[in-house]
Amino acid sequence: MIRIAPSVLSADFARLGDQVAQAEEAGADWIHVDVMDGRFVPNLTIGPVVVEAIRRYTQLPLDVHLMVADPDPLIRPFRESGADRISVHVEACPHLHRTLARIRDLGASPGVALNPHTPPEAVEWVLADVDTVVVMTVDPGFGGQAFLAGMLDKVRRIRALRGARGATFELEVDGGVDARTAPLAVEAGATVLVAGHSVYQHPEGIAAGLAALRNAVSAARPTRA
């Protein structure tokens with residue numbers, strides 16, 4: 001099953017709880033939360049208090065993506081605020097095994113993310129320690145960017161690593177996902193699609209945005225490994 005995780009980065013923050021609830025009602029699988037610190041990426045977004053507020057409006061898993069220079073001090077606050085899944089960037093973690101173990105010890109599902117320029121081999125030795133690998137298909141920091149098609153080969157390579165090791169982690173694609181690019185990501189091996197602008201900014205509303213993505217991926221032919 002392909003999971004769709006609408007990113008609240010593109011939601012109307014004045015109506016955030018309502019928009020999250022609409023996404024759940026329309027069939028979203030997870031809710032994706034982009035946390036940016038203005039250092040690791042050139043943008044500043046939200047903290048644990050917002051995740052705590054979102055938690056009151058949905059029962060879906062909260063997939064928190066820490067795009068921050070120093071994630072370790074933030075893991076407990078976000079977990080206690082309601083995060084179910086927490087992903088950190090390989091580029092930001094000098095002791096990645098320890099950081100991932102801390103996420104799991106706190107009862108959350110650990111994930112590791114890669115920026116576009118980072119090769120798949122950078123996470124090869126932690127694949128047994130994660131439940132999710134996040135492939136960024138835009139340079140992180142802002143919503144509404146164009147999908148970097150060259151990242152599809154990275155998705156294929158990580159999917160091949162997963163198959164070779166008999167692993168079961170989710171392969172999440174994040175950035176520029178819409179009805180045109182979603183099938184390409186699925187065919188390359190993605191199992192989770194993070195979509196912000198194409199859901200929350202769809203001209204016909206959130207439900208229509210999710211339906212368009214579902215329809216687009218229904219005809220895709222996922223690569224199995």
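In what follows, the structure referred to is the one given above.
From a predicted model like this one, the values you see are computed outputs, not experimental measurements. (Residues numbered from 1 in each chain as written. Predicted model: local features only at pLDDT ≥ 70, side-chain atom pairs only at ≥ 80, totals over all residues. Heavy atoms only, no water.)

Peer 1: Looking at this structure, I do not really get the nonpolar core. What am I missing?
Peer 2: Nonpolar side chains tend to gather and get buried jointly when the protein is soluble and globular. Among the nonpolar cores identified, the biggest contains 62 residues, and Val8, Leu66, Val133, Leu193 and Tyr200 are the most heavily contacted of them. For Val8, the contacting residues outside a window of four places in its chain are Phe13, Leu16, Val20, Ile31, His32, Val33, Ile54 and Tyr200. (Core = buried A, V, L, I, M, F, W, Y, C linked by side-chain atoms within 4.5 Å. Buried < 20%, exposed > 50% of the residue type's maximum accessible area, 1.4 Å probe, protein only. Contact = heavy atoms within 4.5 Å.)

Peer 1: Where do I start with the environment of Asp70 in this structure?
Peer 2: Looking at the secondary structure, you find Asp70 in the loop between strand S3 (62-67) and helix H3 (72-81). Considering only alpha carbons, one finds Asp70 and Arg39, 31 residues apart in sequence, at a separation of 9.4 Å. (Helix = DSSP H or I, 4+ residues; strand = E, 2+ residues; numbered from the N terminus.)

Peer 1: Where do I start with the pattern of salt bridges in this structure?
Peer 2: As a working rule, side chains carrying opposite charge can pair if their charged atoms are close by. Tallied over the entire structure, the rule returns nine salt bridges. Between Arg15 and Asp18 there is a salt bridge; the shortest N-O distance is 3.8 Å. The class for Asp18 is partly exposed, based on a relative accessible area of 39%. A salt bridge links Glu124 to Arg165; its shortest N-O distance comes to 3.3 Å. Of this pair, Glu124 sits in the loop between strand S5 (109-114) and strand S6 (132-136) while Arg165 sits in helix H5 (residues 151-165), placing them 41 residues apart in sequence. Of the residues examined, Arg165 reaches a relative accessible area of 40% and is grouped as partly exposed. By sharing partners, the salt bridges in this structure join Asp12, Arg15 and Asp18 into a single network. (Salt bridge = Lys/Arg side-chain N within 4 Å of Asp/Glu carboxyl O.)

Peer 1: Please clarify how the pairing of strand S2 (residues 31-36) should be interpreted in this entry.
Peer 2: Working note: regular strand, side chains alternate between the two faces of the sheet. With respect to burial, S2 is a largely interior element, six of its six residues being buried. The alternating pattern of S2 places Ile31, Val33 and Val35 and His32, Asp34 and Met36 on opposite faces, both of which are buried. Pairing geometry for S2 and S3, over six bridges, is parallel. Pairing of Val33 across the sheet is with Val64, part of S3. With respect to chirality, the unit in which S2 leads through helix H2 (residues 48-55) into the neighbouring parallel S3 is right-handed. (Pairing = 2+ DSSP bridges. Right-handed = clockwise from strand over helix to strand, strands pointing away.)

Peer 1: What is the right way to look at helix H1 (residues 16-25) in this model?
Peer 2: Since the α-helix packs 3.6 residues into each turn, any two residues three or four apart lie on the same face. By the burial criterion, the buried members of H1 are Leu16, Gly17, Gln19, Val20 and Ala23. End-on, the buried residues of H1 take up no more than an arc of 165°, which puts them together on one face. (Arc of directions from axis to C-beta.)

Peer 1: Help me understand the sheet that holds strand S7 (residues 170-174), please; the structure alone is not making it clear to me.
Peer 2: Each strand in a sheet pairs with another by means of backbone hydrogen bonds, the pair being arranged parallel or else antiparallel. Ordered by their spatial adjacency, eight strands build an open sheet running S1-S8-S7-S6-S5-S4-S3-S2, and the pairing between neighbours is parallel. At either end of the open sheet lies a strand with only one pairing partner, and these are strand S1 (3-6) and S2. Across this sheet, the average inter-strand angle for adjacent strands is 25°, counted without regard to direction. Docked against the sheet, H2 engages S2 and S3, running at close to 165° with respect to S3. (Axes fitted to C-alpha atoms, helices over the stretch in contact; angles between N-to-C directions.)

Peer 1: Honestly, the packing of H2 against H3 in this entry has me stumped. Any pointers?
Peer 2: In contact at an axis separation of 8 Å, H2 and H3 are set at 20° when each is read in the N-to-C sense. Comparing their axes, H3 and H2 come out roughly parallel. The two elements H2 and H3 meet at a crossing, and its hand is right-handed. In this structure, H2 uses Pro48, Val51, Glu52 and Arg55 to contact H3, whose residues at the interface are Pro77, Phe78 and Ser81. Of the residues belonging to the contact of H2 with H3, the class tally is four nonpolar, one polar and two charged. (Parallel < 35°, antiparallel > 145°, perpendicular 65-115°, else oblique. Left-handed = near helix turned anticlockwise from the far one by under 90°. Nonpolar A, V, L, I, M, F, W, Y, C, P; charged D, E, K, R; others polar.)

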